[in-house]
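# Results of the structural survey
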Amino acid sequence: MRTEVDVAELVEQRWGALLAQISRATDHRQLAGEAVPREFFAMAGATGLIGYAFPQDIGGGGADLRTWGAVMEELARVCAEPAFPIVMSMGTGVASVLQDCGRPDLVEHYVKPIVRGDRTATLAFSEDADPFSMRTELRRVGDGYVLSGAKDFITGATTADVFLTYGRDEAGRVVGCLVHCDDDGVEVLPASGLGFRTSGMGRLVLRDVPVSADRVIGADGLAHAQRYLNHRRLILTCLVTGMMRALLARCVTRLRTTVRHGGPVTELPNVQAAIGRMHIAVETTRSVVASTLARVADGAVDPVFDIGISAAKHFATEQAVMLATQAFRVLGGHAYYGDPRYGIFLQDCVALLCAAGTQELIEVNIGALVTAGLVEPAEKSEVLT
Ligand SMILES: Cc1cc2nc3c(=O)[nH]c(=O)nc-3n(C[C@H](O)[C@H](O)[C@H](O)COP(=O)(O)OP(=O)(O)OC[C@H]3O[C@@H](n4cnc5c(N)ncnc54)[C@H](O)[C@@H]3O)c2cc1C
C-alpha cells in the first residue's frame, strides 16, 4: 500500500499529462453534453492506468485494492472531467467480474483487451422494473440464444464496445451475457439525465440479438450483478471523495479572494463555520473510505452485499450533497452563474442518490439485515462501561 503522497506523485508522473489533456475541453463538453472521447480510454489502457490493479500475468500492474482505491480518489480529485474515471471504472468493473468467472476465453477476448484499452465495456442491467420483473428476455434458439429488450440509462453506453447485460431465460432466471455494440439488433440511443452529461449515457436497445453460448456468463445473473454493484459502490465512494476534496479546495480558493464590506469573507465566522462543516464532511468521508478499503483489502468482505461498502456509498453520497449545498450557500451567485463546476458537482452527486442502488434501498437492506439479527448492531459489540 502506497502513502497518500506516493499516490499523488504516481498519478502525476504516470498520468498527469493524460489527465490534463482530458480536463482541457471539459467545460465545452459539459455545455454540449458530449461524451468523453473514446480515444482517452485507449490512452488510459496504453499507459497502464486501466490495468493498474489487474494481475501482471494478464498485462496489469498488480496493484492492491487499497492503492487502486487511492488512485481512483486521486484521479477524481485532479481530473476536471468527472466522467473519465466514472466511465473508465465501469470497464474495470466489468473486466473484474469476467476475470472472476475463471474462464480463460473471457480473459483472452474481454479482460485483456479492456486492460490494454483496446476494448471498452460497461454494465447494462437496469430497466424501468425491479430485478425480479426484468422484461429483457433470453430465449434459447438452436445452439445459442436470442436477446430482446432494452436497458434504460447506461453509463458509458455511447463509447462502449461491449455490454455486460442481463435477460430472463425461459425458466425465469436472470442470466448474464455479453453483447457487442456492432452485433445485429443492437442499438445505442443517447440518453440524457440531470447530471453526468459527459458520461456517454445511453439506452441499449436489443432487438432479437443473437448471442452465442460462449457469451453467456453463468445462470445466477442476480448474484452476478450484485457482485458488480458491490464493487461499484466501493469505487464510486472513492471517486466521490476525490471530487469532494477538489470542490472544497476550489471553494476555499475563491472565498479567499472574495471581498465584502472591505474585507475577505474568510474572516467572517459564519463563512469559517461553513468551511469547517465542509472540511469535516470531507475528512470523515475520507476516513470511512480508507477503513472500508482496508477491511475489503484484508478479505473481510461479503462479495455480494457488503454492509460496510453500501454504508460507505450511502454516507459519502449524503456528505457530497451536503457539501454541494454548503458551497451554494457560502459562495452566493458565483456558484450559480460564475463557475459551472459547482452546478456540475451538484448534478453529479445528486445522481448518486439513485445510481448503484438508491440510498433508500440501501437503508432498507441494511435495516432488514440488522433487524433479522444477521448483523450485530454496533452497541452489542462495543458496550462502554
Ligand atoms: C447517473 C446514473 C448512472 C447509471 N448508470 C447505470 C449503468 O451504467 N448501468 C445500469 O444498469 N444502470 C444504471 N443506472 C440506473 C440505476 O442503477 C437505477 O436507476 C437504480 O438502480 C435505481 O433503480 P430505479 O431507478 O428503477 O429506482 P426504483 O427501483 O424505482 O427505486 C426508487 C425508490 O422506490 C422505492 N423502492 C423501490 N423498490 C423498493 C423495495 N424493494 N423496497 C422498498 N422501497 C423500494 C425506494 O424508495 C426507492 O428509492 C444509472 C443511474 C444513474 C442515476
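An unreviewed UniProt entry annotates the chain as Acyl-CoA dehydrogenase family protein originating from Lentzea kristufekii. What UniProt records for the chain under Cofactor (unreviewed entry) is the sentence "FAD". Taken from UniProt, the Sequence similarities (unreviewed entry) comment for the chain reads in full: "Belongs to the acyl-CoA dehydrogenase family."

In many analyses, interface size is given as the accessible surface area lost on bringing the parts together. Under the domain assignment used here, the chain contains domain 1 (4–119), domain 2 (123–219) and domain 3 (222–374). For domain 2 and domain 3, the distance between their C-alpha centres works out to 30 Å. Taken together, the contacts link 12 residues of domain 2 with 8 residues of domain 3. Here the residues of the side of domain 2 that touches domain 3 are counted per class, giving 8 nonpolar, 4 polar and no charged.

As a further point, take the UniProt feature "domain: Acyl-CoA dehydrogenase/oxidase C-terminal" (unreviewed entry) in the chain. Taken from the UniProt record, the annotation "domain: Acyl-CoA dehydrogenase/oxidase C-terminal" (unreviewed entry) applies to residues 220–362. Across residues 220–362, the secondary structure splits into 78% helix and 3% strand, with the terminal C-alpha atoms separated by 21 Å.

The next thing to look at is helix 1 (residues 4–24). An ideal rise of 1.5 Å per residue puts 30 Å on 21 residues; helix 1 reaches only 25 Å between its terminal C-alpha atoms. Its axis deflected by about 75° at W15, helix 1 carries its strongest bend there. Every buried residue belonging to helix 1 is among V7, V11, W15, L19 and I22, and all of these are buried. Looking at the packing, one finds that the buried side of helix 1 touches helix 3 (38–46), helix 4 (65–78) and helix 5 (83–100).

A separate point is the pairing of strand 3 (residues 144–154). Looking at chain direction, strand 2 (residues 137–141) and strand 3 are connected through 5 bridges and run antiparallel. Looking across to strand 3, one finds that V141 is bridged to G144. Taking the residues between adjacent antiparallel strands as the criterion, strand 2 and strand 3 are bridged by 2 residues, where G142 takes a positive phi near 60°. Here strand 3 runs beside strand 7 (residues 202–211); their pairing, made up of 7 bridges, is antiparallel. The residue of strand 7 that forms the bridge with Y145 is V211.

Let us look at helix 11 (residues 340–351). With 12 residues, helix 11 ought to run about 16 Å at 1.5 Å a step, and its terminal C-alpha atoms sit 17 Å apart, in line with that. Buried positions along helix 11 lie against helix 2 (26–32), helix 7 (221–256), helix 9 (307–331) and helix 10 (333–338).

As a further point, take the site of the ligand. Taken together, 21 residues surround the ligand, and among them F125, S126, T155, T358 and E360 come closest. Counting residues per element, the ones that place at least two in the shell around the ligand are strand 1 (121–124), strand 3 and helix 12 (359–371). By residue class, the composition of the shell around the ligand is 12 nonpolar, 6 polar and 3 charged. Here the shell around the ligand spans two domains, and each of domain 2 (123–219) and domain 3 (222–374) adds at least three residues to it.

Time to look at the UniProt feature "domain: Acyl-CoA dehydrogenase/oxidase N-terminal" (unreviewed entry) in the chain. The UniProt feature table records "domain: Acyl-CoA dehydrogenase/oxidase N-terminal" (unreviewed entry) at residues 32–118. Structurally, residues 32–118 comprises 63% helix and 0% strand, and the distance from its first C-alpha atom to its last is 27 Å.

We now examine the packing of helix 5 against helix 6 (residues 104–116). It is the contact of helix 5 with helix 6, at a shortest axis distance of 9 Å, that shows an interaxial angle of 155°. In this view, helix 5 runs roughly antiparallel relative to helix 6, as classed from their interaxial angle. By crossing handedness, the relation of helix 5 to helix 6 is classed as left-handed. Mapping the contact onto sequence places G91, V94, A95, L98 and Q99 in helix 5 and L106, V107, Y110, V111, I114 and V115 in helix 6.

To continue, consider the environment of R103. Checked against the element boundaries, R103 lands in the loop between helix 5 and helix 6. Of the residues examined, R103 has 16 C-beta atoms within 10 Å and is grouped as partly exposed. Sequence-wise, R103 and G172 are 69 residues apart; in three dimensions their C-alpha atoms are separated by 25 Å.

Cut-offs applied
Residues numbered from 1 in each chain as written. Predicted model: local features only at pLDDT ≥ 70, side-chain atom pairs only at ≥ 80, totals over all residues. UniProt positions renumbered as here; feature names shortened; annotations may be inferred. Domains from an automatic or database assignment. Contact = placed C-beta atoms within 7 Å. Nonpolar A, V, L, I, M, F, W, Y, C, P; charged D, E, K, R; others polar. Helix = DSSP H or I, 4+ residues; strand = E, 2+ residues; numbered from the N terminus. Expected span 1.5 Å × (residues − 1). Bend = angle between axes of the 7 residues up to and from the residue. Buried ≥ 20, exposed ≤ 12 C-beta atoms within 10 Å, placed from the backbone. Pairing = 2+ DSSP bridges. Near = placed C-beta within 6 Å. Axes fitted to C-alpha atoms, helices over the stretch in contact; angles between N-to-C directions. Parallel < 35°, antiparallel > 145°, perpendicular 65-115°, else oblique. Left-handed = near helix turned anticlockwise from the far one by under 90°.

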